[in-house]
Structures are given as structure tokens and as C-alpha cells.
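# Chain and residue survey
Next come the chains, spelled out residue by residue.
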Amino acid sequence: MQRRIFSVGIIGVIFLLSVVALASPTSVFNSVFKTQSISDKILANQKNDDKTIYFILFHHLALIKEKSDKSHLTDESPFDYLESYKTQAKLDDVQTQFLFQTAEDWAKEFKPIEEKINAIVKQSRNKYPKGELESANDQPLSNDLTVLWEEKDKTVLKYKEILQNTLGEEQFANFNKFAVDKIAPNVDYNILNQNNATPSSPPIGSGCYGYSLYDVDSNNPAIIRNMETGTVLFCSMVDYYDPGIQSFLFKDDVLISSLPRRICTNCSYSYDFTGQFNGESEKTYKIRGDHWVRAYYYYNTSQGPVFVDGYGLNFYQGNYPPPYGFTNYPTGYYYYNVYKAASTQISYRVPKPALHLDSVDRTGFSPSDTYTTTLRGTGLFGNNQSIQVSGSGVTARVKPNQTPNTTETLQIELDITQDTQRGERQLTLSVNGMTSNALTITIGDNDPTVSDITPPEGNEGENVNVEILGSNFGLNPQIRISGTGVQATILTATQSRITAVFSIANGAIQGMRDVTITSRGYGGTGFITVQGSSDTSEVMSFEVIAPIVAKIQFKKNGVWTDVSSSSLSSICNGSSVEFKAIPNRGSFASGKPVWGGSASGTGATTTVTFNNSGSQIISATSGNTISVNATVGQSNNATVLEWLPPTIITVPTGNSTTTTKDTEMQYEACADIQNNTWNLRVKSAKAGTSIELSLENGRDPDVNPPTTSIQASDAVRELNAYFDFGTRRWHKLSATEAHERMHDSEAKCTNEHYWGQTETTLERLTVPFTNYSNANDAITALKLNGANAKITAFQIINVDYETTLSDEPGVSRAYAAGQIVLNGAIERVRTLAASRGWRVGSILHPNPNVSQPCYQPFLPYNP
Amino acid sequence: MKKIILIATIVATLTLISLSVLSQTSKNEDSLEINTESRLNMVYSNYNIPISIVFENKGDEPTRILNIFDKKRILPIFFSIEIINKNGESIFSTRGGKVEIPRDSMLYIELKKGETHTVTFDLQDLISLEDLKKKLKDNAIDIKNSEYKVAVIYRNQYGDNCFKGKLRSPEVWLDVEESK
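Predicted model only: the values in this text are computed from it and were never measured. (Residues numbered from 1 in each chain as written. Chains lettered and ligands numbered in written order. Predicted model: local features only at pLDDT ≥ 70, side-chain atom pairs only at ≥ 80, totals over all residues.)

### Topic: the overall build of chain A
Along chain A, the regular secondary structure elements total eleven helices and 39 strands. Counting over 863 residues, chain A shows a buried share of 40%. Contacts spanning at least 24 positions in sequence make up 72% of the contacts within chain A whose residues lie at least 6 apart. (Helix = DSSP H or I, 4+ residues; strand = E, 2+ residues; numbered from the N terminus. Buried ≥ 20, exposed ≤ 12 C-beta atoms within 10 Å, placed from the backbone. Contact = placed C-beta atoms within 7 Å.)

Dropping the structure here:
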């Protein structure tokens with residue numbers, strides 16, 4: 001906003017003297033010359049004011065008369081004054097004498113009136129000893145002053161009439177012309193002295209007979225600082241009618257400030273409202289200086305005298321003409337003087353400045369955003385405000401609900417579309433049908449932003465496909481990665497998504513990399529920067545990693561499972577297990593981990609076939625080494641049935657027996673994890689017989705040999721009959737043992753025959769690996785799911801087959817075996833008999849068949 | 001050869017279960033018919049679990065069976081018991097064996113048509129209860145909490161003019177009660 005400055009000074013004397021514009025020297029001189037021509041009008045007006053002219057005349061003449069009468073007491077000669085009037089008024093001696101006598105008479109009559117006036121003024125001054133009224137509404141003087149003033153006027157006119165009657169019409173007319181021409185302010189006379197710029201000397205004596213003054217600024221003669229003219233004929237009069245001066249400031253006729261009334265007893269004027277202040281555009285400021293005695297003339301350079309005041313006592317009652325409006329000038333400096341006993345005012349209307357945009361606070365804008373910024377300039381407010389922005393994609397408007405302000409600012413709002421053309425635009429403001437000058441604004445590119453990088457990490461030595469999400473990437477963006485060892489190659493790019501390959505070199509330093517996207521602008525032709533914008537996104541992180549091995553898992557029925565201390569404790573020899581190394585983060589680098597121990601190869605998974613029994617180690621190395629243990633069983637060779645020696649006990653009575661003991665089985669279970677089975681393995685198998693021997697009532701010929709020939713013959717016959725009839729009256733326990741041991745042999749060959757098929761069948765049994773956590777549980781399940789049945793079937797087939805082996809005397813291998821033992825006893829009886837001369841029989845079955853205990857064809861068996 | 005029909009009946013002597021009528025019949029490969037009681041109840045901790053085997057001649061001709069039934073020490077040679085699971089598999093069996101019997105000491109029981117001979121013995125004559133428990137435990141067989149059947153097998157290879165061979169009773173449900 002342009003600042004309008006005006007300065008006002010109020011000088012209180014009697015008359016307003018000058019209003020000077022500073023637009024040009026020519027105007028100043030025009031004003032001066034106008035003042036000269038206007039003086040005639042003022043004079044003409046004064047000439048019609050007889051009470052004023054003759055008041056001053058009579059007052060002056062009375063003073064001269066008084067001085068003349070007292071001339072004998074001083075060195076001064078009043079004669080000069082008398083002669084001066086006589087000469088200039090063209091009076092004879094009698095007329096002159098009568099003139100002075102009339103003035104003296106008037107003075108005598110006026111004196112009591114004057115004393116009353118002085119009393120009123122004195123009273124007012126006593127009331128306001130500091131010369132300042134308490135408020136603008138105070139009335140320092142009573143209305144009696146007006147009455148007294150009118151009485152004074154009456155006395156003046158009365159004695160003027162007396163003078164007129166005495167001098168006669170013709171002579172009075174001549175005298176009156178002298179009074180009007182010489183006593184009233186003689187403008188022409190004083191203007192003649194303007195170039196002296198000093199008060200002219202009083203033509204008579206040293207009193208205030210009347211004078212004019214132009215005070216020209218010494219530095220700039222075009223400025224008339226002060227110009228005085230008037231009718232102050234006697235200084236004592238001024239003091240006499242001076243109750244005070246007050247100044248008021250209005251804005252659009254509203255009083256906004258006033259200064260205290262001051263009584264300036266010894267000065268001719270005072271200054272108020274000096275200085276400067278900022279005025280609002282199109283507001284009218286008015287300053288009125290108000291006197292309290294009398295203003296004779298009030299005029300201005302163009303209209304002449306417009307107001308003659310009486311006493312100015314009713315300032316607030318509005319009995320003043322409308323404030324005078326000064327001409328608006330682009331710049332102005334107004335000098336304002338108010339003299340005592342006058343009421344003057346000045347008005348200045350701050351002109352409305354022309355529409356002009358000086359600046360806009362923000363000149364750079366980014367698409368897809370809304371801004372509020374401020375226009376600065378002049379003439380921004382008015383009707384039909386609108387904002388225009390060249391090109392497309394920018395919608396601008398005046399922010400609603402703004403009121404004209406003294407700082408000349410206007411807030412505007414701009415909406416920028418995303419796809420608007422980037423570059424410079426022209427912004428203008430239209431007000432009241434006028435369009436301002438254009439300001440240049442720039443639509444820049446949006447800052448690229450990155451919201452996500454997936455994956456946020458990659459292994460050294462790998463090419464990682466990366467997706468970068470964000471916004472405002474522009475056409476042909478660039479990816480920048482800090483540090484070394486990682487290179488980006490963009491595959492595809494849109495405004496919001498980039499796919500790229502991050503090539504991480506082998507041996508690239510592990511750690512974080514700063515990733516930024518640099519935009520080449522929306523169209524890819526260059527990033528247009530506006531205030532605060534950047535072609536580079538904020539930093540996102542990408543980490544180069546080399547994962548270590550956190551743990552090793554194995555595949556259990558298709559599910560990767562952590563390896564526990566027992567999970568690999570019973571691995572089937574020859575079976576395979578699939579292992580997987582789990583990284584502590586991300587995924588392993590290429591070629592990692594490296595498998596060791598019983599495993600080999602590289603990569604996250606490996607399959608190990610366990611062909612060696614015993615404890616095995618499987619390790620994976622990738623920066624660290626993690627190992628797990630596995631226990632592998634023996635290779636699955638056929639387990640031989642162990643035939644235990646028979647347990648033999650002797651019982652006193654009863655039949656001798658051989659019974660087959662239950663097969664003692666010991667199982668193992670091994671895990672075929674890849675096939676998800678627990679496989680049954682026969683750890684050992686033992687079998688045998690229990691033999692109970694009884695001699696019953698038989699007589700052992702070796703223990704209790706025959707003592708007679710008959711006994712010996714009977715013994716040999718009975719011992720020979722064992723094979724055929726099983727007789728045991730003469731018998732030996734050892735023969736029975738041989739008999740039963742043959743049964744043991746039969747059981748042995750039977751069991752051994754059927755064992756191989758049984759063992760094979762047993763080791764085909766499986767249960768699901770995932771159903772049992774350990775081998776013992778698996779063995780239990782395997783027993784119930786087949787092993788018990790297989791062994792029972794094995795035992796039953798053995799008994800069934802053994803039943804086919806004859807145990808009949810005369811046939812049985814068992815009896816044959818027993819007979820062989822008894823044949824020895826027979827031989828010893830025969831020897832005994834021979835020694836005694838007894839006749840006994842010979843051995844009947846010298847070689848019974850004890851071959852092939854399992855001589856019968858084996859029964860079919862399908863366990 | 002004469003057709004010999006024997007019927008073996010397993011009669012469980014139980015605390016709460018009375019004898020019931022013959023209810024099941026099966027034929028072996030020699031066309032021998034064997035009937036048995038429907039269920040065998042074991043009081044698991046009892047020392048005495050009597051089993052009665054009934055030989056019945058259902059043939060037209062007389063037949064003999066070796067009479068060794070009073071010699072309890074050799075009963076396991078002739079009789080064995082099998083435990084059968086739900087799949088019909090024998091998962092446990094007592095064992096047979098051999099016995100030395102002089103020919104002149106062999107005695108027989110003759111059964112005419114329709115005649116029966118009942119042999120009663122105790123389960124513990126075949127296997128001690130402790131052995132049974134141990135063997136079942138070793139083989140993880142819990143007869144108390146699962147459904148099993150039992151069968152009694154009679155085998156004989158001894159004697160003259162008597163039945164020789166193997167008879168298998170029908171399978172009967174095995175009820176096991178805890179000892180009171």
C-alpha cells in the first residue's frame with residue numbers, strides 16, 4: 001500500500017494564511033498569485049464591516065489622544081500622530097480635533113464594557129491557570145462576553161454616526177474611504193513586502209498597527225512556511241480577547257482525537273497535530289483549529305473567505321460550514337496555520353491507490369496440492385475480485401471473507417492438479433473491472449517420496465528383484481544407492497512404482513545402504529524446483545546381509561521340523577533324510593550354506609542317505625556352523641536265531657518232558673524318515689527247550705546192578721525193550737536225557753527252519769514315523785501291529801511241525817537216542833553177567849536211527 | 001478211516017457268569033466239529049481260572065482219546081491256549097512239547113456216538129499266571145483294556161487207535177475283570 005503522508009500545523013493568530021501544494025513550483029506560484037487577487041475580496045469584505053474598522057480606528061485614535069495628552073510628561077510628541085491622521089485623512093484642524101475628541105468619548109463609554117470583558121477573561125484564566133481546559137466541552141467564557149461584544153459594537157456604530165453627523169456627508173465619505181483603505185488590512189500594501197519575508201515596520205510608532213508576513217522556507221523558496229496578514233492593530237487587543245485555542249482530528253466526520261485547549265497569552269499562534277500518520281485509503285481526515293475570541297476571515301486559496309466567525313464559542317453546535325476538502329494529490333504536504341481568535345480546519349482525503357501487484361509471498365507451487373498465500377500491492381480490494389493464472393491445471397481464487405486492510409494484502413488460494421503443466425505461469429488480479437500487472441509463479445515438480453522397498457534386504461552375491469513404492473517418481477527416475485557393492489538397474493518405472501534389480505556384489509560389505517529416488521521431473525525432461533522442493537526422495541534403507549545358520553530342520557512327513565536330541569537317534573541304515581538349514585534372517589546367499597559331516601553339497605536343503613551305522617554329524621556352515629547328530633542303526637542283515645542250551649531239571653516222579661520255551665525276542669525300531677516309517681528290526685532272537693527228567697521207578701543197572709542171573713537177564717531184556725516199547729523198569733536217567741535232548745534237537749532244527757522267513761517278515765513291519773516320538777513307542781506299536789502275531793505264528797508252526805516228528809517207541813529218534821545210551825548199560829550188564837557166569841541176552845538195537853531230527857517234510861508256512 | 005467228530009467246549013467257571021448253552025460251531029479241516037462256550041471270563045489276578053474241555057463224539061463210530069488228563073504236569077504238552085486280536089491274529093500262544101510215555105502205561109477213554117468227556121483243568125496248569133502276565137506285558141498286550149478272543153488247542157501224537165492230531169476250539173470272547 002502506498003503511504004500517504006500529510007503533516008498539519010496549527011498556528012493560532014487571526015487569519016488562515018496559506019495552503020500550498022508541493023506538486024510543482026508552478027502550482028506554488030499560482031497559489032501565491034491567487035492570494036494576491038483574493039486580497040481584494042478580503043478587503044472589500046472588510047470595508048463593509050464598519051464596526052470592526054471604526055472599533056480599530058477609535059481605539060487607535062483614543063490611544064493617540066491619550067499619548068498626546070500625556071506628551072508633556074514624555075519625550076514623545078503626539079503631534080506626529082495627529083498630523084499623520086490629519087494629512088492622510090485630509091481633515092482640517094477642527095475636523096481633526098473633533099475626530100480625536102469623538103474617539104476619546106467612545107473610549108470613555110467603552111471602558112466599562114471593556115472592564116467587564118477583561119473580568120470575564122480574567123476569571124476564565126484563573127479557572128484554567130495552566131491554559132488547558134479539562135475537556136473539549138468546557139466553556140471557559142460565559143455568554144456575557146457575547147453581549148458585551150455586541151454592546152461594544154453598538155458604541156462603535158454610535159460614535160461613527162456622531163462623527164458622520166459632525167463631518168457632514170461629503171466630508172465623512174472622504175474620511176470613511178481613508179478608514180477603509182488605510183485602517184482595514186491593506187493587502188496590497190503588505191504583499192508588496194512579501195519578498196522581504198520580514199514583518200514590515202509599523203507605519204506609525206511601534207504598535208501593532210497592522211502588518212503582513214510571508215515566511216518562505218529558506219531551503220525551498222517554493223514553500224511558504226508562514227504567511228500572516230490581518231488587522232491586529234494593537235497587540236494589547238490580542239491578549240485581551242484570547243481565552244484559548246483547541247484542535248480536533250476527525251476521520252470521516254467522526255472525532256477520533258482532540259488536544260487540550262490551551263491559552264496562549266504571549267504568543268500569536270500555536271501548533272498542534274504536527275507530524276505524520278498513516279491514513280486509510282479513501283478516508284477523509286479533518287483537522288479543525290478553534291479559537292475562542294474571534295475569527296475575522298477564513299478562506300482558502302480557491303474560494304476566498306467563506307466564513308467569518310463571531311467568537312467561535314459554539315464550535316460543537318455545528319455552526320460551521322462544511323469542512324473544506326483539499327484537493328487530493330499523489331503526495332501531499334499541507335501546512336496549516338490557525339491564528340488566535342480564528343476557527344480553521346483542513347481536510348484531506350487519502351486517495352485510493354491504483355491496482356498494482358507488488359509481490360506474492362509464495363512463487364513456487366507443487367502439483368496435487370492446495371496453497372494459501374498472500375498478494376501484496378495496492379488497490380487490491382473492490383468489487384468482483386478474481387485471480388487469473390495462465391495455462392491449465394491451476395485454479396486460483398480470493399480467500400473468502402477478507403476485508404480491506406491497511407497493509408494492502410490479499411490472501412489467495414490455489415489448487416494445483418497433479419497433471420498440470422510444469423513451469424512458469426502468469427498470475428493477475430482483477431478488481432472493479434481492472435486487471436493488474438502480472439506476477440510470475442512457477443509450478444514445480446513434486447518431491448519424489450518412497451514409502452516402501454521390498455525386500456528391504458538382500459544377500460551378498462545375489463541379484464535381488466526389488467519393488468519400490470512411492471510417489472512422484474516422474475519419467476525415467478534414477479535410483480541411487482550409497483556405498484559400494486550394490487548397483488541398481490531399473491526394469492520398469494511408473495510415477496508410483498519401480499521394479500529394479502539390485503545387483504549385490506560378492507563380498508559386498510554387509511550393512512545398511514541409503515536408497516534414494518531422484519526424479520527427472522514429471523515429463524522426464526528435468527526436475528523443476530520450486531521453493532522447498534527437492535528432486536531427491538528421502539532416504540530408505542536397504543541392507544546387505546549374509547545370513548548365518550540359525551538351526552537345522554529335517555523333513556518329517558512333508559513338514560520341516562526342528563531337530564531335537566532324540567528325533568534322529570534311530571535312523572535306519574540305508575535310509576535317507578532331507579535336511580534344511582534355516583537362516584537367522586532372510587535367505588542364504590548363493591552357495592550357502594555348505595553342508596558337512598555326513599551331508600554334502602550347498603544350498604538350503606540337502607538329502608543325506610545314511611549308509612554307515614553309528615553316530616553321524618550333519619553340519620551346515622554359513623558364517624557359522626550348526627550341527628545335529630544322528631544315530632544310525634546297523635545295516636539290516638538277517639538275525640540268526642540263537643538256540644540256547646536246554647535247561648534240564650530232574651524231577652522225582654512223572655514223565656520226562658521237553659517243552660519249547662517262548663522265543664525271546666529283542667526288537668529295535670529304526671526311522672525311515674523319508675518314507676515316514678518306523679521299521680522293525682530284530683535285534684536278537686533266542687529259543688530253546690526246557691527238559692524235565694524223571695527216572696520214575698526205573699532201576700539204573702550201573703547204580704544198582706543186577707545181583708542175580710535172573711535180574712541180569714531181566715535187565716538186558718528191559719533195556720533192549722526201551723526202543724520198541726519205552727519200558728523203563730530197568731533204565732538210566734541219562735538215556736531219558738538223551739531222549740529229551742533229541743527233542744531239543746528236533747525243536748532246534750524246526751525253529752531254525754522257520755526262523756528265516758519269520759525274521760524277514762518281521763522286519764517288513766512298519767508304523768508311521770510321525771505317530772511315535774521314539775523307538776520304544778514305535779516298538780510297542782510294532783509288536784501290537786504284527787510282531788506278536790508273527791512270533792505266535794512262528795511258535796505255532798514249530799509246535800505243529802514238531803508234532804509230526806514221531807515220539808512213538810520203535811520209530812522215534814528220541815527213543816533211538818535213549819536206546820543208544822541204554823546199549824552201553826546193556827554191555828556193562830553183560831560184562832557183569834559174564835563175570836558171574838550168568839546168561840543174558842545181547843543188544844537188540846545196536847544202531848537205531850538218530851539222524852535228521854527234522855526228517856518229516858516241513859509244513860507250509862506263510863507268516 | 002472212520003469219521004471222528006469231537007466237540008471241545010471251553011467252559012469258563014466264573015464268579016458271576018453261569019454256564020450257557022453251546023452257541024458256536026466250527027469245523028476244522030478234518031471236518032471235526034467243535035463247539036465252545038460263547039465267552040471266557042478271566043478274573044485276572046485269580047490263581048484259579050478253570051477251563052473245561054468237553055470231548056464229544058458226534059460220529060457214528062466209537063473213538064478213543066488218550067487219557068492223560070489226570071497228569072496235570074504234562075497237560076501243556078496236549079493243550080495250549082491262544083489269544084486272538086481283533087484282526088483274527090493269534091498274538092499269544094502257550095507252547096506244546098514232547099512227553100515220554102511208555103506204551104504200556106497209555107490209557108484211553110472210549111467215546112461212543114454222542115458220548116462226551118469233559119476235562120477240567122486250570123489255566124495255570126498251562127501257564128502260570130505270573131508268566132502269563134509277564135509274557136503279555138513283554139509283548140505289550142493289555143488284555144484288560146482291549147477286546148480279545150481266546151481259543152484252546154488240543155494236540156496229541158501219542159497212543160494207539162486213538163485220536164491223534166490237533167483240535168482247535170472256536171474262539172470265544174475273553175472277558176477280563178479286575179480282582180475284587
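Past the structure itself, the notes keep going.
### Observations concerning the overall build of chain B
What chain B contains, in helices and strands, is three helices and 14 strands. Across the 180 residues of chain B, 41% fall into the buried class. In chain B, 78% of the contacts between residues at least 6 apart in sequence involve partners at least 24 apart.

### Topic: unusual backbone geometry
Residues and elements named next belong to chain A. Backbone torsion omega between T454 and P455 reads -10°, so that peptide bond is classified as cis. Its place among the elements puts P455 in the loop between β18 (449-454) and β19 (457-459). Here the residue pair K592 and P593 is connected by a cis peptide bond, since its omega of -5° sits within 30 degrees of zero. Mapped onto the elements of the fold, P593 is located in the loop between β28 (576-583) and β29 (594-597). Residues other than glycine seldom take positive phi values, yet S368 does so here, at roughly 60°. Mapped onto the fold, S368 is located in the loop between β10 (364-365) and β11 (369-378). A positive phi angle is found at Q852, which is not glycine, with a value near 50°. Its location among the elements puts Q852 in the segment after α11 (813-836).

### Brief notes about the sheet that holds strand β9 (residues 356-360) of chain A
As a general point, the strands of a sheet are linked pairwise by backbone hydrogen bonds and lie either parallel or antiparallel. All names here are of chain A. Strand order in the open sheet formed by four strands is β9-β11-β14-β13, and the pairing between neighbours is antiparallel. At either margin of the open sheet sits one strand with a lone partner, and together these are β9 and β13 (394-398). Neighbour-to-neighbour, the strand axes of the sheet open up by a mean angle of 35°, direction not taken into account. Here β9 runs beside β11; their pairing, made up of four bridges, is antiparallel. (Pairing = 2+ DSSP bridges. Axes fitted to C-alpha atoms, helices over the stretch in contact; angles between N-to-C directions.)

### Here's the deal with the interface of chain B and chain A
Listed by partner, the interface residues are 27 residues for chain B and 30 residues for chain A. Looking at the side of chain B that touches chain A, the element that brings in the most residues is strand β8 (residues 90-93) of chain B, giving four residues. The residue makeup of the side of chain B that touches chain A, split by class, is eleven nonpolar, six polar and ten charged. Examined bridge by bridge, strand β35 (residues 657-660) of chain A and strand β9 (residues 97-99) of chain B share three bridges and lie antiparallel to one another. Along β9 of chain B, the bridge assignment pairs T659 of chain A with G97 of chain B. (Nonpolar A, V, L, I, M, F, W, Y, C, P; charged D, E, K, R; others polar.)

### Some details on the pairing of β11 of chain A
One ladder, built from eight bridges, connects β11 of chain A with strand β14 (residues 409-416) of chain A; its direction is antiparallel. Paired with D369 of chain A across the bridge in β14 of chain A is I416 of chain A.

### Regarding the confidence of the model for chain A
On average, chain A scores 75 in pLDDT, and the residues at 70 or more come to 70%. A low-confidence stretch, residues 291-345 of chain A stays under pLDDT 50, and its non-local contacts, those more than four residues away or across chains, total 160 contacts. (pLDDT = per-residue confidence, 0-100.)

### Points about the nonpolar core
Residue and element names in this part refer to chain A. The biggest cluster of nonpolar side chains holds 90 residues, and the ones touching the most others in it are I571, A669 and L782. Looking at which element gives the most residues to this core, the answer is helix α10 (residues 775-804), with 14 residues. In contact with L782, other than residues within four places in its own chain, are Y667, A669, W678, L680, L765, V767 and A787. Counting 21 residues, the second-largest nonpolar core is a separate cluster that includes A735, Y815, A833 and V840. (Core = buried A, V, L, I, M, F, W, Y, C linked by C-beta atoms within 7 Å.)

### What about the sheet that holds strand β34 (residues 647-651) of chain A?
Read from one edge of the open sheet, four strands run β34(A)-β38(A)-β35(A)-β9(B), paired in mixed fashion. Of all the strands in the sheet, the pair left with one neighbour each is β34 of chain A together with β9 of chain B. Shown here is a sheet whose adjacent strand axes are inclined to one another by a mean of 10°, direction ignored. Of the strand pairs in this sheet, β35 of chain A and strand β38 (residues 689-694) of chain A are connected by four bridges, and their pairing is antiparallel. In the sheet register, T659 of chain A faces β38 of chain A, and the bridge partner there is S690 of chain A. Lying on the sheet, helix α9 (residues 733-762) of chain A is in contact with β34, β35 and β38 of chain A together with β9 of chain B; it crosses β38 of chain A at an angle near 160°.

### Considering the pairing of strand β20 (residues 463-471) of chain A
All names here are of chain A. Alignment of β18 against β20, held across five bridges, turns out to be antiparallel. In the sheet register, D452 faces β20, and the bridge partner there is L469. Relative to strand β23 (residues 497-504), β20 runs antiparallel, the two sharing seven bridges. Considered in β23, the bridge of E467 is made with T499.

### Points about the packing of helix α8 (residues 709-725) of chain A against α11 of chain A
Residue and element names in this part refer to chain A. Two elements in contact, α8 and α11, have axes whose closest approach is 8 Å; the angle formed by their N-to-C orientations is 165°. With respect to α11, the axis of α8 lies roughly antiparallel. Between α8 and α11 the crossing geometry is left-handed. Facing S709, A712, A715, V716, L719, N720, Y722 and F723 of α8, the residues of α11 in contact are Y815, A816, G818, Q819, L822, A825, I826, V829, R830, L832 and A833. (Parallel < 35°, antiparallel > 145°, perpendicular 65-115°, else oblique. Left-handed = near helix turned anticlockwise from the far one by under 90°.)

### Things to note about the packing of α9 of chain A against α10 of chain A
Residue and element names in this part refer to chain A. Put simply, α9 and α10 touch, their axes get as near as 9 Å, and they point 150° apart. Classed by the angle they form, the pair α9 and α10 counts as roughly antiparallel. Crossing handedness for the pair α9 and α10: right-handed. Contact residues: α9 offers E746, A747, T750, N751, Y754, T758, T761 and L762, while α10 offers A787, K790, F794, I797, N798, Y801 and E802. When its residues are assigned to classes, the contact of α9 with α10 shows seven nonpolar, five polar and three charged.

### With respect to the environment of I504 of chain A
Residue and element names in this part refer to chain A. For I504, the position within the fold is in strand β23. Sequence-wise, I504 and I545 are 41 residues apart; in three dimensions their C-alpha atoms are separated by 9.8 Å. Setting aside residues up to four positions removed in sequence, I504 forms contacts with G458, N459, E460, G461, E462, V464, G485, V486 and V544.

### Overview of the environment of A500 of chain A
Residue and element names in this part refer to chain A. With respect to the helices and strands, the residue A500 is situated in strand β23. On the basis of neighbour counts, which here come to 21 C-beta atoms within 10 Å, the residue A500 falls in the buried class. The residues contacting A500, other than those within four sequence positions of it, are V466, I468, I479, A488, T489, I490 and L491.

### Quick notes on the environment of G837 of chain A
Residue and element names in this part refer to chain A. Secondary-structure assignment places G837 in the segment after α11. On the basis of neighbour count, G837 is assigned to the exposed category, with 7 C-beta atoms found within 10 Å. G837 sits 128 residues away from S709 along the chain, and the two C-alpha atoms are 8.0 Å apart.

### As for the confidence of the model for chain B
Residues and elements named next belong to chain B. In this model, chain B carries a mean pLDDT of 72, and residues with pLDDT of at least 70 account for 71%. Least confident of the elements in chain B is strand β2 (residues 24-27), whose mean pLDDT is 33; most confident is β9, at 93. In the predicted structure, residues 1-39 sits below a pLDDT of 50 and forms 97 contacts with residues beyond four places in sequence or in another chain. Note on the complex model: pTM 0.52, ipTM 0.83.

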